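Examination of the molecular architecture
So the chains spell out like this:
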Number of protein chains: 2
Amino acid sequence: MGWFTKSDYQPKGKHCYITGGTQGLGKALAESLVRQGAHVTVVARDVAKGKKVEAELKSIAQPDQIIQFISADLTSPLSSLESLVKASEPFNGRVPDYIYLCAGFSKPKYMVDSSLEEFQAGFDGTYWVSAYTAQAAVKLMVKQRVLGKIVFVSSFLGYTSFAGYTNYSPGKYALRGLADALRSEMLLHDIKIHIFMPCGIAGPGYEAENEFKPAVTLKIEEDDTQIPPEQCAKALETGLRKGYYQITDNIICDFARLRSNGGVPTNNFFADCFYLLVSSCGLPIWRMTADATVRKGRNEVHADYEARGIYEQASK
Amino acid sequence: MGWFTKSDYQPKGKHCYITGGTQGLGKALAESLVRQGAHVTVVARDVAKGKKVEAELKSIAQPDQIIQFISADLTSPLSSLESLVKASEPFNGRVPDYIYLCAGFSKPKYMVDSSLEEFQAGFDGTYWVSAYTAQAAVKLMVKQRVLGKIVFVSSFLGYTSFAGYTNYSPGKYALRGLADALRSEMLLHDIKIHIFMPCGIAGPGYEAENEFKPAVTLKIEEDDTQIPPEQCAKALETGLRKGYYQITDNIICDFARLRSNGGVPTNNFFADCFYLLVSSCGLPIWRMTADATVRKGRNEVHADYEARGIYEQASK
């Protein structure tokens, strides 16, 4: 409950570790944290992009701030641990204070059209890309008695889902399951867990995803707003400062939150009562509209499958 | 919405495929389906147990009913597909009509105490054990134009979670994400998706899980009811007959459902309004009580970690 939360979020002088920190939300967050006086480690795969971002961040940092880029494939558990250990070297082996898990990607596709490998990769790129780092970080924080914070990044599609997202929503729901269990468990060790549930984030990630998007999925999303990364990062940090567990960047996400978040702590009591009231009527209407959009797409999909020879000829 | 749902659930003469069908919910369901005149394939790992259950099911079946047991490790995508193909052989290669995904296990453990392998295995045994079969079945159903049904089995712990379940809840939430996306997507192909959200199921699975359970987890659950498998199976089939998307076996799960299910279809309109009202007050109170139980367990856990030398000596 919002009344009882208190926050000690204070990035100045802390070591902040940001996965997926070379673009979008991660990069915007890195810039904000550097400006607030934090030491920042940015982790991503692409070395050229990483070095460029590292230089940019150094250019806005004070001389005593440690800024570093680490290249790692975070869908590997070993690389996730190694990256965390490497980031800790300039800090005498001390694990980072704040971990922001922004890495991930989305390639919407119908399940029938997805290969097994795509189905698995979608999951690795939404869940394990954050879960491996979270487990490694939790173990190190407890061992070193660091009262840190871990911030997961899920999505509106971690609250509810629709056609096109069978390789995305499972991982984003799973992050919520992990965060819900871990929030409770980490009360044992005074480690704070948060989860960010943003709407679509404008930028190259979203543009890339739209190239693959099935027609029905695009249609359901046609009126959605994409929020610029800087605004997302601001909403996330505002939520952290208020001590919220589930943080959103948009009123639509708040509506979904109040009908989707189970028994976890809510935010502002009065606002949340309002969101719950509205969403209890609005969400079913939205869902019925989305279902109608899917049904309208039937003929086109059937014709496509017919043309591509997906249906077996002999009826059984 | 309950008003608009219609169901064509009719197991007689259908081929029903039940994973985890040699014990607990799966076995109870197999018996019920055989009695209703369905052809039943039961899938599980243990051959001796499987053969025994196969004989039991045959003893209550009519001579024209096909009853078979297949041994398979369903955490392997290849075995999941092979098992489905093998089950289809007596049916001229036709994919089963109804798929019930009951396989899975739970070994609650604190994340700090879990090895990477345990963390991964927990996920495979909750999510992939069902997701691989679901993907294979969906592809075959669409290809063969079989208007089948797929029934996922999640848990109360797929709605909300607490200490001890970091290797369980992520998979159970992920199943909900998969079912939510797939329910919408399969409107394209008239394939029906359902998800069962039971409370604890009494039996050997639950007893085995309690051997590993951390003290805090046991304490939070001490007043929980375990429901006999036959009663769970009955609740599941009642829900299927009513055409419900999310099916529960207990009023506590219904309370959690209304605050956790996002925009997916609800069940009985009037009952659901009541559940939403009660859960909006009750769920936060339950969560605060559970949080207090975790906090009370702190000293014991700290003393244990101290004794086991988990904390680093030098403070950093």
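As recorded by an unreviewed UniProt entry, chain A carries the name 3-dehydrosphinganine reductase and is attributed to Kwoniella dejecticola CBS 10117. Heading Function (unreviewed entry) of the UniProt record for chain A holds this comment: "Catalyzes the reduction of 3'-oxosphinganine (3-ketodihydrosphingosine/KDS) to sphinganine (dihydrosphingosine/DHS), the second step of de novo sphingolipid biosynthesis."

1. Quick look at the relation of the copies chain B and chain A
When chain B is fitted to chain A, the residual RMSD is 0.0 Å, and the transformation amounts to a turn of 180° plus an axial shift of 0.0 Å. Such a combination of rotation and displacement between the chain copies is what one expects of a two-fold axis. When C-alpha distances to the rotation axis are compared across chain B, the minimum falls at Ser260 of chain B, with a value of 1.9 Å.

2. With respect to the interface of chain B and chain A
On the side of chain A, 82 residues touch chain B, which itself brings 82 residues to the contact. In total, about 7000 Å² of surface goes out of reach between chain B and chain A, with carbon and sulfur atoms giving 60% of it. Between the two partners, chain B and chain A, sit six salt bridges. Put simply, Asp190 of chain B and Arg298 of chain A hold a salt bridge, and the shortest N to O gap is 3.3 Å.

3. Brief notes about the sheet that holds strand S4 (residues 98-101) of chain B
Pairing between the strands of a sheet is mediated by backbone hydrogen bonds and can be parallel or antiparallel. All names here are of chain B. Reading across the sheet, the seven strands line up as S3-S2-S1-S4-S5-S6-S7 and stay open at both edges, with parallel pairing between neighbours. Here the strands that pair on one side only, and so sit at the sheet edges, are strand S3 (67-71) and strand S7 (246-248). Neighbour-to-neighbour, the strand axes of this sheet turn through a mean angle of 20°, independent of strand direction. Pairing of strand S2 (residues 39-44) with S3, which is carried by five bridges, proceeds in the parallel orientation. Pairing of Ala44 across the sheet is with Ser71, part of S3.

4. A closer look at the state of the cysteines
Here a disulfide denotes a covalent bond joining the sulfur atom of one cysteine to the sulfur atom of another. Counted according to the given criterion, the structure contains zero disulfides over all chains. The cysteine Cys273 of chain B is free of any disulfide, with Cys281 of chain A supplying the nearest cysteine sulfur at 8.6 Å.

5. Let's talk about a nonpolar patch on the surface
All names here are of chain B. A cluster of nonpolar side chains, namely Ile251, Ile252, Phe274, Leu277 and Val278, defines an oily patch on the protein surface of about 460 Å² accessible area. Sorting the residues of the nonpolar patch by element identifies helix H9 (251-258) and helix H10 (269-296) as the ones contributing at least two each. The leading source of residues in the nonpolar patch is H10, at three residues. Inspection of the secondary structure assignment puts Phe274 in helix H10. The exposure class assigned to Phe274 is partly exposed, which follows from its relative accessible area of 46%.

6. Remarks on the pattern of salt bridges
In the structure shown here, the tally under the stated rule is 40 salt bridges over all chains. Between Asp291 of chain B and Arg183 of chain A there is a salt bridge whose closest N-O contact spans 2.9 Å. With Asp291 of chain B in helix H10 and Arg183 of chain A in helix H5 (residues 169-185), this residue pair bridges two chains. Side by side, Asp291 of chain B and Arg183 of chain A carry an identical accessibility label, which is buried. Residues joined by salt bridges that share partners form a network here, namely Asp8, Lys149 and Lys192 of chain A.

7. With respect to the packing of helix H1 (residues 24-35) of chain B against helix H2 (residues 47-60) of chain B
Residue and element names in this part refer to chain B. Where H1 meets H2, the closest approach of the two axes is 9 Å, and the angle between their N-to-C directions is 25°. Relative to H2, the element H1 is oriented roughly parallel. Read as a crossing pair, H1 and H2 show a hand that is right-handed. Where H1 abuts H2, its residues Lys27, Ala30, Glu31, Val34 and Arg35 lie against Val53, Glu56, Leu57 and Ile60. Looking at the contact of H1 with H2, its residues break down into five nonpolar, no polar and four charged.

8. Looking at the sheet that holds strand S1 (residues 15-19) of chain A
Residues and elements named next belong to chain A. Read from one edge of the open sheet, seven strands run S3-S2-S1-S4-S5-S6-S7, paired in parallel fashion. This sheet does not close on itself; its edge strands, each paired only once, are strand S3 (67-71) and strand S7 (246-248). Each strand of the sheet is rotated relative to its neighbour by a mean of 20°, with strand direction disregarded. Note that S1 and strand S2 (residues 39-44) share five bridges and pair parallel. Bridge pairing in S2 places Cys16 opposite Val40.

9. Observations regarding the pairing of strand S1 (residues 15-19) of chain B
Successive residues of a regular strand alternate their side chains across the two faces of the sheet. Residue and element names in this part refer to chain B. Counting buried positions along S1 yields five of five residues, so the element is predominantly enclosed. For the segment spanning S1, H1 and S2, crossover handedness is right-handed. As judged from the four bridges shared by S1 and S4, these two strands associate in the parallel manner. When the sheet's bridge partners are listed, Ile18 is paired in S4 with Tyr100.

Calculation criteria
Residues numbered from 1 in each chain as written. Chains lettered and ligands numbered in written order. Predicted model: local features only at pLDDT ≥ 70, side-chain atom pairs only at ≥ 80, totals over all residues. Heavy atoms only, no water. UniProt positions renumbered as here; feature names shortened; annotations may be inferred. Least-squares fit on C-alpha atoms with pLDDT ≥ 70 in both. Contact = heavy atoms within 4.5 Å. Buried area = accessible area lost by both parts, 1.4 Å probe. Salt bridge = Lys/Arg side-chain N within 4 Å of Asp/Glu carboxyl O. Pairing = 2+ DSSP bridges. Helix = DSSP H or I, 4+ residues; strand = E, 2+ residues; numbered from the N terminus. Axes fitted to C-alpha atoms, helices over the stretch in contact; angles between N-to-C directions. Disulfide = S-S within 2.5 Å. Patch = residues over 30% accessible without salt bridge, like charges linked within 9 Å, V, L, I, M, F, W, Y side chains within 5 Å. Areas by Shrake-Rupley, 256 points an atom, 1.4 Å probe, with all protein chains shown as cover. Buried < 20%, exposed > 50% of the residue type's maximum accessible area, 1.4 Å probe, protein only. Parallel < 35°, antiparallel > 145°, perpendicular 65-115°, else oblique. Left-handed = near helix turned anticlockwise from the far one by under 90°. Nonpolar A, V, L, I, M, F, W, Y, C, P; charged D, E, K, R; others polar. Right-handed = clockwise from strand over helix to strand, strands pointing away.

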